[in-house]
Amino acid sequence: AGCFIACSVFIRNFGNPLSNEFETNYLFLVPESPHKKIFYALLGSCYECFLDLLPAFMVTQLFHGDKVYMVAFWMLFLVSFDFFCSTTGFFIEMVLPVSLNDTIKTLFQLSLKMLALTPIVVALIICGVLSKFSMTLLIATIFNVFLGVIITCAVAPILHYGRT
């Protein structure tokens, strides 16, 4: 069930919720650093993802009777996955020129996300076969957060100075 929900989180992020929020002009009137603006926008996005996933995991817990810690690991993984996908999509929106076709932006975003997710998927498959699934989810969560923070730090100066 967690893999199906992960696919829905992946597809959900092609709407670029973070870049939709930063398209509004009033955000630039707030006298804060770009890092804080991005942090709070990401925090809101992750909280929204958590609230969207909560009913699905509660129903899954009731029907499958999984252990509570596995449900918590899946929730952490999926929220970190949403964080990673949001930052990647926002990075691509900020780096690519505004005049570029939306289809090309989406294809570029898809290829970059798939490239970054390949090690996570391989690790999930290998550790799932070796029955170390909870440890794999924890490592994948840390990996997602690490990459998301790096991408966020790279996007903040672009947000501050504008894009082409």
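None of these values were measured; they are calculated from a predicted model.

Colleague: What exactly am I supposed to notice about the overall build of the chain here?
Modeller: Along the backbone of the chain there are 6 helices and 0 strands. Secondary structure of the chain in N-to-C order comes out as α-α-α-α-α-α. By residue count, 37% of the 164 residues in the chain fall in the buried class. Here the analysis covers contacts within the chain between residues at least 6 apart in sequence; of these, 77% occur between residues at least 24 apart.

Colleague: So what exactly am I meant to see when it comes to helix α3 (residues 34-64) here?
Modeller: Since there are 3.6 residues in each turn of an α-helix, residues three or four apart along the chain are aligned in direction. Taking 1.5 Å per residue, 31 residues should reach 45 Å; α3 reaches 43 Å between its end C-alpha atoms and fits that length. For α3, the complete set of buried residues consists of Pro34, Lys37, Ile38, Ala41, Leu42, Ser45, Cys46, Cys49, Leu53, Phe57 and Thr60.

Colleague: In this structure, what is going on with the nonpolar core? I would like to understand it.
Modeller: Inside soluble globular proteins, nonpolar side chains tend to come together where they are buried. Of all hydrophobic cores here, the largest spans 31 residues; its most connected members are Leu53, Phe57, Trp74, Phe77 and Leu78. Among the secondary structure elements, those contributing two or more residues to this core are α1 (2-12), α3, α4 (68-95), α5 (102-129) and α6 (133-161). Counting residues per element, this core draws most heavily on α4, at 13 residues. With sequence-adjacent residues up to four places away left out, Leu53 is seen in contact with Ile5, Val9, Met75, Leu78 and Val79.

Colleague: Help me out: how do you make sense of the environment of Glu48 in this one?
Modeller: Within the secondary structure, Glu48 is located in helix α3. Linking Glu48 and Asp82, residues 34 residues apart in sequence, is a C-alpha distance of 10.0 Å.

Colleague: What exactly am I supposed to notice about the packing of aromatic side chains here?
Modeller: Note on aromatic pairs: each is described by the distance of the centres and the angle between the planes. On inspection of all chains with the given rule, the structure shows 4 aromatic pairs. Ring centres of Trp74 and Phe77 lie 5.9 Å apart, and the angle between their planes is 80 degrees; this geometry places the pair in the edge-to-face category. Of this pair, Trp74 and Phe77 both sit in helix α4, 3 residues apart, roughly one helical turn. On the numbers, 6.0 Å between centres and 15 degrees between planes, the contact of Phe77 with Phe81 is stacked. Of this pair, Phe77 and Phe81 both sit in helix α4, 4 residues apart, which is roughly one turn of the helix. Across this residue pair, the class does not change: Phe77 and Phe81 are buried.

Colleague: It is not clear to me how the state of the cysteines should be interpreted in this structure. Could you clarify?
Modeller: In protein structure, a disulfide is the covalent linkage between the sulfur atoms of two cysteines. Taken as a whole, this structure holds 0 disulfides when the rule is applied. The cysteine Cys49 is free of any disulfide, with Cys46 supplying the nearest cysteine sulfur at 7.0 Å. Cys85 takes part in no disulfide bond, and the closest cysteine sulfur to it belongs to Cys49, at a distance of 9.4 Å. Under the relative-accessibility criterion, Cys85 is labelled buried at 0%.

Thresholds applied
Residues numbered from 1 in each chain as written. Predicted model: local features only at pLDDT ≥ 70, side-chain atom pairs only at ≥ 80, totals over all residues. Heavy atoms only, no water. Helix = DSSP H or I, 4+ residues; strand = E, 2+ residues; numbered from the N terminus. Buried < 20%, exposed > 50% of the residue type's maximum accessible area, 1.4 Å probe, protein only. Contact = heavy atoms within 4.5 Å. Expected span 1.5 Å × (residues − 1). Core = buried A, V, L, I, M, F, W, Y, C linked by side-chain atoms within 4.5 Å. Phe/Tyr/Trp six-rings, centres within 6.5 Å; stacked < 30°, edge-to-face > 60°. Disulfide = S-S within 2.5 Å.

The analysis is restricted to geometry; functional conclusions fall outside its scope.
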